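Coordinate inspection notes
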Amino acid sequence: MKPMSDAGASPLIEAVIRAKTYRRPDGTGMEAVRGITLALRRGEFVCLIGPSGCGKTTTLRILAGLDRAFEGEVRPDPATLSIGVAFQEPRLLPWRTVEENIRLVLPKARRAMDLARLIARFGLSAHAARYPGELSLGLARRVSLARAMALEPDLLVLDEPFVSLDAQAAADLRRYVALAADGGTSVLMVTHNVREALELADRVVMLAPRPTHVVEEVCLALPRAMRDGPWIEAERAALAARFPLLREG
Amino acid sequence: MKLLSSGTAARAASLVLLLLAWEITATLAHSRSLPAPHAVFAFIAREATGGDLVSNIAITLGRVVVSFVVAMALGCAIGVALGRSRRLDTAFDTWVIVLLNTPALVITVLCYIWLGLTEAAAVLAVALNKIPTVAVLMREGTRALSPELDEMASAFRLSPMDRLRHVLIPQLQPHLAGAARSGLALVWKIVLVVELLGRPNGVGYAISVCFQLFDVTAVLGYSLAFMAVMLAIEYGVLQPYEAHVRRWRLSAH
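On a predicted model such as this, the values are computed, not experimentally measured, just so you know.

So, about the overall build of chain A. Tallying secondary structure elements over chain A gives seven helices and ten strands in all. Over its C-alpha trace chain A gives a radius of gyration of 18 Å, about what one expects of a compact globule, namely 18 Å for 249 residues. Principal-axis analysis of the C-alpha atoms gives chain A an extent of 50 × 45 × 35 Å. With 249 residues in all, chain A has 54% of them scored as buried. For chain A, the share of sequence-separated contacts (at least 6 apart) that also reach a separation of at least 24 residues comes to 69%. Side-chain charges of chain A comprise 34 positive and 30 negative groups, with the mean position of each set lying 3 Å from the other.

In structure tokens form, the structure reads like this:
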């Protein structure tokens, strides 16, 4: 494990967030982010870890181009990239079937494509014609992830995508996300699960409590395929020794 | 299926009971003011074959359809605009409340005075009576639109047409169906008043003539015949439409 300071090739996307302040109903301001610089290379897997409510989701939304009311800039404009997003809640259209929900986000030219393989890979074949209201939260999360990945995007933005999945399903889906990253998709993922971050990420970005900023970036040089349980445990213990907040994770 | 058929049987039995009570009361009262149902149905059959019943119903139905479509279109547009823009809502909320509380009779009389006793005045009067109700229902529907789904649509860059078809309209459909059902019931009642006051044909006009002749059988006959047409639209068109737009909710249970 070593501190990250890799300039590398030109990044796929780079955000400089000097400040992000939310306006409360009573008119006062609540500063969520103060000074984050984050760059993702093509095919890089970055995990954001930080305490609850520290501004991780805000950072994701800014990077995905969903929040433009902040001080700073994102280069290039997120609108010029293909971005697949899996939100913290699945956000499926309740009046469209599972398959329709996935198909709808595809570009017009790919709308008619056969989705059977993708749907099967996410274990959704038996549910393709069902409406989201009939699914458990875990299944709905799978659909949300399948929708984001169906796009084959330049950048996958994932906000705690494996929460409330059973262990086997979560492991399967982690493998698919890792495969996407190996195939050249950049991934930015928020998670509370330190083991998960250590299993998947090329780089872990530790965030401070609100107003959040980057505390440290940790590069994980060992290839994903070679990371086993003992290695993950050793890395987690080393991280927890430096960041007491992670001891529970 | 069993539940459906037992429900239908209960409704039919209730209707037969009502007709029976009416028949007995009319026989006991033995008065011109309360004709028996068999006399009313005989009038309907006679007028349907040799009288103006069918043409009058067709004319009234035409007015109902035109004013209903105008009221729904304008009411939806106004309601969605007010629901989306706080500024527009602040500016025009009072207008909606004033129109909502103006008696149907006043609007009708004013339309006839300002536009003359014309077809356009009649349709406008009915539409103006209905527009504020639709606008208020659609405004509430628009306010309840999910910002999360809106953000999802932005994240996946859905085209404006896809947003409209798959995100916005499905959210508004239950409100639209509610507005349509309550709207139809209101519109046909107001159309009869508007015809009574200023048109030379239609069910409302026919009822006013029957009233002047104190022909209660004809008044009830026209009312029942037109009511049957509106019930057919309610059960044959509006309720199936509402069931269709809510199918994804029902399947959750």
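To continue, consider the nonpolar core. Ranked by size, the top nonpolar core spans 50 residues in total, and within it Phe 45, Ile 102, Phe 122, Leu 145 and Phe 162 of chain A carry the most contacts. Counting residues in hydrophobic clusters, the runner-up holds 43 residues, among them Ile 62, Val 85, Leu 155 and Leu 188 of chain A.

We now examine the interface of chain B and chain A. The interface of chain B with chain A comprises 20 residues on the first partner and 27 residues on the second. When residues of chain B are sorted by the area they lose upon contact with chain A, Glu 151, Phe 156 and Trp 248 of chain B head the list and together hold 32% of the total. Our count for the chain B to chain A interface comes out at four salt bridges. Here Arg 111 of chain A makes a salt bridge to Asp 162 of chain B, at a shortest N to O gap of 2.7 Å. Across the contact surface, chain B and chain A share ten residue pairs in polar contact (both at pLDDT 80 or more). Elements that contribute at least two residues to the side of chain B that touches chain A include exactly α7 (147–155), α8 (160–198) and α11 (247–250) of chain B. Residue composition of the side of chain B that touches chain A, by class: nine nonpolar, five polar and six charged.

Attention now moves to the confidence of the model for chain B. Residues of chain B with pLDDT of at least 70 account for 96%, and the chain-wide mean is 89. Looking across chain B, the model is least confident in α11 of chain B, with a mean pLDDT of 72, and most confident in α7 of chain B, with 93.

Attention now moves to the sheet that holds strand β5 (residues 71–75) of chain A. All names here are of chain A. Taken in spatial order, the three strands of this open sheet run β3-β2-β5, and their pairing is antiparallel. The open sheet has two edge strands, β3 (29–40) and β5, and neither has a second partner. Strand-to-strand twist of the sheet, defined as the mean angle between neighbouring strand axes without regard to direction, takes the value 20°. One ladder, built from five bridges, connects strand β2 (residues 13–23) with β5; its direction is antiparallel. Paired with Glu 14 across the bridge in β5 is Arg 75. Strands in contact with helix α1 (residues 56–63) are β2, β3 and β5; relative to β2, the strand with the most contacts, it is inclined by about 125°.

A few words on the pattern of salt bridges. Charged atoms that come close allow side chains of opposite charge to pair. A full pass over the atoms with the stated rule returns 35 salt bridges over all chains. Between Arg 203 of chain A and Glu 44 of chain A there is a salt bridge; the shortest N-O distance is 2.8 Å. Linking Arg 203 of chain A in strand β9 (residues 203–207) with Glu 44 of chain A in the loop between β3 and β4 (45–49), this pair joins segments that are 159 residues apart in sequence. For Arg 203 of chain A, a relative accessible area of 4% gives the class buried. Measuring nitrogen to oxygen at the nearest pair gives 3.3 Å for the salt bridge that ties Glu 140 of chain B to Arg 143 of chain B. Of this pair, Glu 140 of chain B and Arg 143 of chain B both sit in helix α6 (residues 119–143), separated by three residues, roughly a single helical turn. Here Arg 143 of chain B falls in the partly exposed class, since its relative accessible area comes to 43%.

Rules used in this analysis
- Residues numbered from 1 in each chain as written.
- Chains lettered and ligands numbered in written order.
- Predicted model: local features only at pLDDT ≥ 70, side-chain atom pairs only at ≥ 80, totals over all residues.
- Heavy atoms only, no water.
- Helix = DSSP H or I, 4+ residues; strand = E, 2+ residues; numbered from the N terminus.
- Rg over C-alpha atoms; globule rule 2.2 N^0.38 Å.
- Buried < 20%, exposed > 50% of the residue type's maximum accessible area, 1.4 Å probe, protein only.
- Contact = heavy atoms within 4.5 Å.
- Lys, Arg positive; Asp, Glu negative; His and termini not counted.
- Charge placed at Lys NZ, Arg CZ, Asp CG, Glu CD.
- Core = buried A, V, L, I, M, F, W, Y, C linked by side-chain atoms within 4.5 Å.
- Buried area = accessible area lost by both parts, 1.4 Å probe.
- Salt bridge = Lys/Arg side-chain N within 4 Å of Asp/Glu carboxyl O.
- Polar contact = N/O pair within 3.5 Å; in protein donor to acceptor, adjacent residues only side chain to side chain.
- Nonpolar A, V, L, I, M, F, W, Y, C, P; charged D, E, K, R; others polar.
- pLDDT = per-residue confidence, 0-100.
- Pairing = 2+ DSSP bridges.
- Axes fitted to C-alpha atoms, helices over the stretch in contact; angles between N-to-C directions.

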